[in-house]
Amino acid sequence: MEFYVLTIFPEMIDACSGIGVLKKAIEQKKISVQAVNIRDYTFDRHKSVDDTPYGGGVGMVMKPGPLMKAIQDTQKKSDHQCKTIFLSPQGKTFNQNIARELALYHETQTDLILICGRYEGIDERICNEFIDDELSIGDYVLTGGELPALIIIDAVSRLIPGVLGNDQSADEDTFSGDLIKHAQYTRPYAFEGMTVPDVLLSGNHKDIYNWRLASSLIKTFFKRPDLLEQRNFSVEEINILTHWSEYLQKIIQHGSIHCTNSLSST
Ligand code: 4FV
């Protein structure tokens with residue numbers, strides 16, 4: 001999958017895509033990340049990308065001309081269909097389901113063009129004529145769309161087959177896709193007087209799976225109960241929650257949420 005990031009700060013994109021999993025995925029040609037400098041599509045010697053808003057008001061607005069040229073030139077450079085996404089607080093809130101949807105575009109060789117706004121935003125005519133979708137990473141205002149673009153590239157790329165090595169797996173996301181991930185432990189077995197739940201050393205995959213499902217359900221119950229509201233629980237999950245309901249009631253009554261440690265006794 002090819003990501004094109006239209007920005008006035010290409011160095012931000014290059015810096016982050018040249019590190020870690022993204023760097024390896026690019027080297028292995030699983031993805032490509034190309035920063036496109038909007039300033040390269042300006043017409044004046046000051047390379048102006050912004051101007052004052054019609055109707056007055058604070059701040060500046062990104063000019064439509066350079067943005068349109070940058071989008072059209074990128075579409076021409078791409079050998080594939082393109083989906084153009086504008087990063088903005090007004091957009092649909094990005095989440096794992098949207099990340100999965102966008103990752104599926106690699107199957108149809110559709111490239112993603114990510115538009116990073118700056119200042120007060122971009123001219124509405126660009127939104128009306130050239131943007132397919134608007135995404136937000138959350139209800140807060142940043143100085144630019146570059147970090148949101150990098151978050152989307154990171155979250156989508158890790159779902160593309162082959163990007164995560166064998167020792168990591170996005171498949172886990174299906175399990176914890178709408179549940180918080182289960183508690184994780186690694187060596188040493190004993191740390192500061194705290195040990196690892198023995199079930200995790202048992203080698204019994206079914207017991208380990210059940211323990212992890214219980215850990216996910218209980219963590220979600222306490223940290224993100226909203227994720228459980230719409231969930232259709234499996235019989236297995238109902239049994240686990242029933243088994244733990246007494247324990248959960250006690251925790252709620254006593255206000256203690258050290259459920260992970262208590263799970264260690266299972
Ligand atoms: C944003 C967000 C965001 C708004 C003004 C860039 C800034 C400036 N993008 N999710 N939250 N963008 O705050 O995506 O143009």
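Not measured: the values here are computed from a predicted model.

Caption draft 1: Expanded view of the overall build of the protein. Secondary structure assignment for the protein yields 11 helices and nine strands. Taking 266 residues into account, the globule formula puts the C-alpha radius of gyration at 18 Å, and the protein, at 23 Å, lies well above it. Projecting the C-alpha coordinates of the protein onto the three principal axes gives extents of approximately 70 × 45 × 35 Å. Across the 266 residues of the protein, 41% fall into the buried class. Within the protein, contacts between residues at least 6 apart in sequence are counted, and of these 75% link residues at least 24 apart. A total accessible area of about 15300 Å² is found for the protein, and carbon and sulfur atoms account for 51% of it. Both charge centroids of the protein, one from 26 positive and one from 36 negative side chains, sit 3 Å from each other.

Caption draft 2: Molecular detail of the site of the ligand. The environment of the ligand is made up of 17 residues, and the closest members are Y119, I137, G138, Y140 and L142. I137 places a main-chain nitrogen or oxygen 3.0 Å from a nitrogen atom of the ligand. At 2.8 Å from an oxygen atom of the ligand is found a main-chain nitrogen or oxygen belonging to L142. In the complex, 95% of the free accessible area of the ligand, which totals 370 Å², lies under the protein chains. Elements supplying a minimum of two residues to the shell around the ligand: β5 (82-93) and β7 (133-136). Considering each element in turn, the shell around the ligand owes the most residues, three residues, to β5.

Caption draft 3: Geometry of the packing of helix α4 (residues 96-103) against helix α6 (residues 146-157). With their axes 8 Å apart at the nearest point, α4 and α6 run at an angle of 70 degrees to one another. It follows from the interaxial angle that α4 and α6 lie roughly perpendicular. In contact with A99, L102 and A103 of α4, α6 contributes I152, A155 and V156. Grouping the constituent residues of the contact of α4 with α6 by class yields six nonpolar, no polar and no charged.

Caption draft 4: Region of the structure containing the nonpolar core. Within the largest apolar cluster, 28 residues are counted, with the highest numbers of intra-cluster contacts made by F3, V5, F94, L102, L114, L135 and V156. Only β1 (2-7), α2 (20-27), β5, α4, β6 (111-116) and α6 provide two or more residues apiece to this core. Considering each element in turn, this core owes the most residues, six residues, to α6. With sequence-adjacent residues up to four places away left out, F94 is seen in contact with A99, L102, L135, S136, I137, I151, I152, A155 and V156. In this structure, Y4, V36, I115 and I126 belong to the second largest nonpolar core, which totals 19 residues.

What counts and what doesn't
- Residues numbered from 1 in each chain as written.
- Predicted model: local features only at pLDDT ≥ 70, side-chain atom pairs only at ≥ 80, totals over all residues.
- Heavy atoms only, no water.
- Helix = DSSP H or I, 4+ residues; strand = E, 2+ residues; numbered from the N terminus.
- Rg over C-alpha atoms; globule rule 2.2 N^0.38 Å.
- Buried < 20%, exposed > 50% of the residue type's maximum accessible area, 1.4 Å probe, protein only.
- Contact = heavy atoms within 4.5 Å.
- Areas by Shrake-Rupley, 256 points an atom, 1.4 Å probe, with all protein chains shown as cover.
- Lys, Arg positive; Asp, Glu negative; His and termini not counted.
- Charge placed at Lys NZ, Arg CZ, Asp CG, Glu CD.
- Near = heavy atom within 4 Å.
- Polar contact = N/O pair within 3.5 Å; in protein donor to acceptor, adjacent residues only side chain to side chain.
- Axes fitted to C-alpha atoms, helices over the stretch in contact; angles between N-to-C directions.
- Parallel < 35°, antiparallel > 145°, perpendicular 65-115°, else oblique.
- Nonpolar A, V, L, I, M, F, W, Y, C, P; charged D, E, K, R; others polar.
- Core = buried A, V, L, I, M, F, W, Y, C linked by side-chain atoms within 4.5 Å.

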